[in-house]
Amino acid sequence: MATYQLKFGNYVFPVTFYPAQVPAESRLGTVEIPRRHGVAVGEPLLREKTISIRGMLRAADPDAMRSAMDTLLAAVNAGRQKLYLWADRFIWATKTGFTTDYEPTSFKRYCLIEINFTCDTALWEAENESSNTWSNPVSGSTRDITTGGNAEVYPVFEFTFAGTGSLDVRLGIGNVYFTLTGAATDGDVVVVDCGEESVVMASSGNDYMNLFDSVFFKLGAGGINRLSFTDNGGTVSVSQIVTRWRDRWY
């Protein structure tokens, strides 16, 4: 069951606060075409969200009121934090606006407040990361990854190698794939992060993009994604592939 929770970082807003605006706008690239009405429209991409939180901060006496305001200001000025409307989903947000409205005689007891946050990631993400472990994948075999949410996700793949020598493997979904080719050592764990578009050694964080070729791909939303594995005959095999991801929502 969904649990409502209005929270920024570790700060839980009082029950007198509520989300006033949660837009989901897109941006479009357009190009004028000679001798034709209208324009050519490119792929729609999400704009950053600007979420507005409004409410009343109140307290029993002036000292408590000032303390409550100090706590709120410290929380929202802490920089980029997770913003929650629900306990199981967050979006990365940074405070961009903070306005107050004191009614006559209210300064010591309550204050109407509006806070604006800019969310650079544009999508809500699951609080808990999902994972799937594929042990000893055989060349030509497949593995089903079931995602939730209603938006595509960027997976992270962790490859554990068995044997020392030459590596030549491929991982794909449908007609899209990438290869890892080059020298590898027994026990190495190489992390392919499709969101960051990076390849690193897990133990050291050193860059290993020299192993990678082709494209970083995404997993489809809310359904089964069938991964395919191919070993092209290197002397190093893959003992395990761990897939990690966070479900996302528009």
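Residues numbered from 1 in each chain as written. Predicted model: local features only at pLDDT ≥ 70, side-chain atom pairs only at ≥ 80, totals over all residues. Heavy atoms only, no water.

Within the chain one finds one helix and 23 strands. Taking 250 residues into account, the globule formula puts the C-alpha radius of gyration at 18 Å, and the chain, at 24 Å, lies well above it. Within the chain, the fraction of its 250 residues that count as buried is 34%. Restricting the contact set of the chain to residue pairs at least 6 apart, pairs at least 24 apart contribute 71%. Summed over all atoms, the accessible surface of the chain reaches about 13,700 Å², with 48% contributed by carbon and sulfur. Averaging the locations of the 22 positively and 28 negatively charged side chains of the chain gives two centres separated by 7 Å. (Helix = DSSP H or I, 4+ residues; strand = E, 2+ residues; numbered from the N terminus. Rg over C-alpha atoms; globule rule 2.2 N^0.38 Å. Buried < 20%, exposed > 50% of the residue type's maximum accessible area, 1.4 Å probe, protein only. Contact = heavy atoms within 4.5 Å. Areas by Shrake-Rupley, 256 points an atom, 1.4 Å probe, with all protein chains shown as cover. Lys, Arg positive; Asp, Glu negative; His and termini not counted. Charge placed at Lys NZ, Arg CZ, Asp CG, Glu CD.)

A cluster of nonpolar side chains, Tyr4, Tyr18 and Trp86, forms an exposed patch at the surface whose accessible area comes to about 330 Å². Within the secondary structure layout, Tyr18 lies in strand E3 (residues 17-21). (Patch = residues over 30% accessible without salt bridge, like charges linked within 9 Å, V, L, I, M, F, W, Y side chains within 5 Å. Salt bridge = Lys/Arg side-chain N within 4 Å of Asp/Glu carboxyl O.)

Core analysis: the biggest nonpolar cluster contains 29 residues, and Phe157, Phe159, Leu171, Phe178, Leu180, Val192 and Leu227 have the highest contact counts within it. When residues of this core are traced back to their parent elements, those giving at least two are strand E15 (156-162), strand E16 (165-173), strand E17 (176-184), strand E18 (189-193), strand E19 (198-201), strand E21 (224-231) and strand E22 (237-245). For this core, the element with the highest residue contribution is E16, accounting for four residues. Apart from the residues within four sequence positions on either side, Phe178 is in contact with Phe157, Phe159, Val169, Arg170, Leu171, Val192, Phe212, Asp213, Ser214, Val215 and Phe217. Core analysis: the second largest hydrophobic core is formed by 25 residues, Phe17, Leu72, Ile115 and Phe117 among them. (Core = buried A, V, L, I, M, F, W, Y, C linked by side-chain atoms within 4.5 Å.)

The five strands are arranged E14-E21-E16-E17-E20 in an open sheet whose pairing can be described as antiparallel. Only two strands of the sheet have a single neighbouring strand rather than two, namely strand E14 (142-146) and strand E20 (212-214). On average, each strand axis in the sheet is tilted by 25° relative to the strand beside it, whichever way the strands run. (Pairing = 2+ DSSP bridges. Axes fitted to C-alpha atoms, helices over the stretch in contact; angles between N-to-C directions.)

In this section: the pairing of strand E8 (residues 49-58). For E3 and E8, the ladder comprises four bridges, and the chain directions are antiparallel. Note that in E8 the partner of Pro19 across the bridge is Ile53. Relative to strand E11 (residues 110-119), E8 runs antiparallel, the two being bridged by ten bridges. Bridging from a neighbouring strand, Ser52 pairs with Asn116 of E11.

Moving on to the pattern of salt bridges. Across all of its chains, the model carries seven salt bridges by this definition. One salt bridge in this structure joins Arg226 and Asp144, with 2.6 Å as the shortest N-O distance. In this pair, Arg226 is assigned in strand E21 and Asp144 in strand E14, connecting sequence segments 82 residues apart. Residue class for Asp144 comes out partly exposed when judged on its relative accessible area of 31%. Overlapping salt bridges bring together Glu129, Glu158 and Arg244 as one network.

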